[in-house]
Structures are given as C-alpha cells and as structure tokens.
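Working through the structure, step by step
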Amino acid sequence: MRRLLLIVALVCATSISQAGTDDAKLGIRLRIKREAYSLGSNIELEIVRENIGHNSVLVPRWWGWGATRTDILMFDASGHEVRTDFLADELPPLPQPYDFVLLDPGQFVGTRLTGRAKEFVNKPGDYVFVVEYTSYLSEDYARQLMKMPDVPFWSRERGPVTSNKIRVHITR
C-alpha cells in the first residue's frame with residue numbers, strides 16, 4: 001500500500017510540475033574582441049541570445065535594433081548614460097514562420113555588430129557597454145497571425161533582458 005501511494009504521489013507531482021509550466025528563460029551575452037579602441041576605430045560587438053531555461057523557446061531571427069527593442073547602452077566612468085548623434089534604428093520586415101529560431105536549453109543564436117567608436121561614445125575615456133533586448137513582436141501577433149507552434153515564445157510582453165557589462169577603454 002505504501003509503495004502504491006508513493007507511486008501515485010510521484011506521478012501526480014511530475015504531472016503537476018510539467019503541466020502549464022513555462023520555464024522559458026532567455027539570457028543575453030555581450031563580448032568584445034579587445035578592451036581598448038581608438039575613437040576613430042571600429043568596435044566589433046558579439047551579442048548572443050541564449051536559452052538558459054529548461055524548456056525550448058522561440059525567438060525571432062531579427063534583432064530589431066533601436067530603443068525599446070535591441071538597444072546598446074553606454075555609461076561613462078561616473079555611471080551616466082552616454083548619448084551620441086548616431087541612432088541605431090531598424091524596423092524589421094514583417095516576419096514569416098521561417099524567421100524564428102527554436103532554441104533548446106543551452107542553445108544560442110547571435111550576431112556581430114560593427115560600428116565606429118564615435119557612434120557609441122563622444123570622447124576618449126572608460127565606458128561600460130550593456131545590451132538590453134526586448135522582442136519587437138507581441139505574443140498575440142505570434143500566436144494568432146503567425147500560427148506559431150505551442151512552445152514558449154519570447155515575446156514583447158516578457159520585457160527586457162539585460163546582458164553582462166563590458167568595460168571598454170577609448171583612446172584618442
């Protein structure tokens with residue numbers, strides 16, 4: 001009888017833990033080739049979206065650069081955000097079903113972004129770079145219009161995900 005109760009309890013606990021669980025977790029990693037650049041040189045950033053959860057998650061292939069989407073934030077040595085005249089703004093094309101990547105746990109998808117140091121900062125100094133990613137697609141759009149499969153989708157409603165901080169020294 002004890003054995004039967006234990007088996008029933010284990011089956012119920014497993015069913016409850018799997019039913020309705022959306023354990024989708026997305027991480028953003030930022031890497032840079034060097035720690036120092038001149039103001040006139042190109043900075044090459046590697047930005048990676050990684051499934052750090054236990055379930056698969058769909059992400060759009062396009063990053064959607066710009067404020068309230070994928071935004072690169074720079075802070076000076078005193079912690080103040082740096083703004084330049086350069087505006088990274090991209091309106092991604094209307095997505096098709098093949099424009100999504102299914103990331104299993106531990107899988108990642110990334111991109112390289114190259115830009116003049118002057119596009120990121122105004123003058124020589126020490127800076128901290130951070131990427132803030134927010135999906136540009138809503139859950140409703142993805143589910144109703146795109147006919148997405150029934151797996152967690154990293155939608156706009158999940159809010160922003162912030163990367164690690166990278167320290168960069170900019171010389172003249």
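Look a little higher up for the structure.
The structure presented is a predicted model; accordingly, all values stated were derived computationally and were not measured.

To continue, consider the overall build of the protein. If you tally the helices and strands in the protein, you get three helices and 10 strands. Nonlocal contacts in the protein, meaning residues at least 24 apart in sequence, comprise 77% of its contacts between residues at least 6 apart. Total accessible area computed for the protein in this model is approximately 10,500 Å², and 55% of it derives from carbon and sulfur atoms.

Before going further, it helps to examine the environment of I72. The residue I72 is located in strand β5 (residues 70-76) in this model. For I72, a relative accessible area of 13% translates into the label buried. C-alpha separation for the pair I72 and Y133, spaced 61 residues apart in sequence, amounts to 8.7 Å.

Mapped onto the elements, T134 comes out in the loop between β8 (125-133) and α3 (139-145). Overall, the relative accessible area of 9% leaves T134 in the buried class. Each C-alpha atom of the pair T134 and E157 lies 8.7 Å from the other, and the pair is 23 residues apart in sequence.

In this section: the pattern of salt bridges. Across all of its chains, the model carries six salt bridges by this definition. For E46, the salt bridge identified is with R31, shortest N-O distance 2.4 Å. Pair noted here: E46 is in strand β3 (residues 42-51) and R31 is in strand β1 (residues 26-32), with a separation of 15 residues, a long-range link. Notably, a salt bridge pairs R112 with E46, separated by 3.3 Å at the nearest N-O pair. Here E46 lies in strand β3 and R112 lies in strand β7 (residues 108-116), a separation of 66 residues in the sequence. Since its relative accessible area comes to 53%, R112 is described here as exposed.

Bringing the sheet that holds β1 into the picture now. Backbone-to-backbone hydrogen bonds join strands into a sheet, with any given pair of strands oriented parallel or antiparallel. Across the sheet, three strands lie side by side as β1-β3-β7; this open sheet has antiparallel pairing. Two strands bound the open sheet, and with one partner strand each, they are β1 and β7. The mean inter-strand angle of the sheet, taken between neighbouring strand axes irrespective of direction, is 20 degrees. In the sheet, β3 pairs with β7 via nine bridges, with the strands oriented antiparallel. Opposite I43, over in β7, you have G115 as the bridge partner.

Right, let's get into the side chain of D71. Structurally, D71 can be placed in strand β5. It is R83 that comes nearest to the buried, bridge-free D71 among opposite-charge side chains, at 4.7 Å. Residues within four places of D71 in sequence aside, it is in contact with G66, V130, V131 and E132.

What follows concerns the side chain of S155. In this fold, S155 is placed in the loop between α3 and β9 (161-162). Taking the relative accessible area as the measure of exposure, S155 reaches 1% and is therefore buried. Separated by 2.9 Å, the side chains of S155 and E157 make a polar contact.

All right, on to the packing of aromatic side chains then. Here a ring pair, both rings aromatic, is described through the centre-centre distance and the interplanar angle of the planes. Counting across every chain of the model gives four aromatic pairs. Considering the side-chain rings of W63 and W65, the 5.8 Å spacing of their centres and the 15 degrees angle between planes classify their relative orientation as stacked. For the pair shown, W63 and W65 are each scored as buried. The interplanar angle of 50 degrees and the centroid separation of 5.6 Å between the aromatic rings of F120 and F129 together place this pair among those described as tilted.

Rules of the game
Residues numbered from 1 in each chain as written. Predicted model: local features only at pLDDT ≥ 70, side-chain atom pairs only at ≥ 80, totals over all residues. Heavy atoms only, no water. Helix = DSSP H or I, 4+ residues; strand = E, 2+ residues; numbered from the N terminus. Contact = heavy atoms within 4.5 Å. Areas by Shrake-Rupley, 256 points an atom, 1.4 Å probe, with all protein chains shown as cover. Buried < 20%, exposed > 50% of the residue type's maximum accessible area, 1.4 Å probe, protein only. Salt bridge = Lys/Arg side-chain N within 4 Å of Asp/Glu carboxyl O. Pairing = 2+ DSSP bridges. Axes fitted to C-alpha atoms, helices over the stretch in contact; angles between N-to-C directions. Lys, Arg positive; Asp, Glu negative; His and termini not counted. Polar contact = N/O pair within 3.5 Å; in protein donor to acceptor, adjacent residues only side chain to side chain. Phe/Tyr/Trp six-rings, centres within 6.5 Å; stacked < 30°, edge-to-face > 60°.

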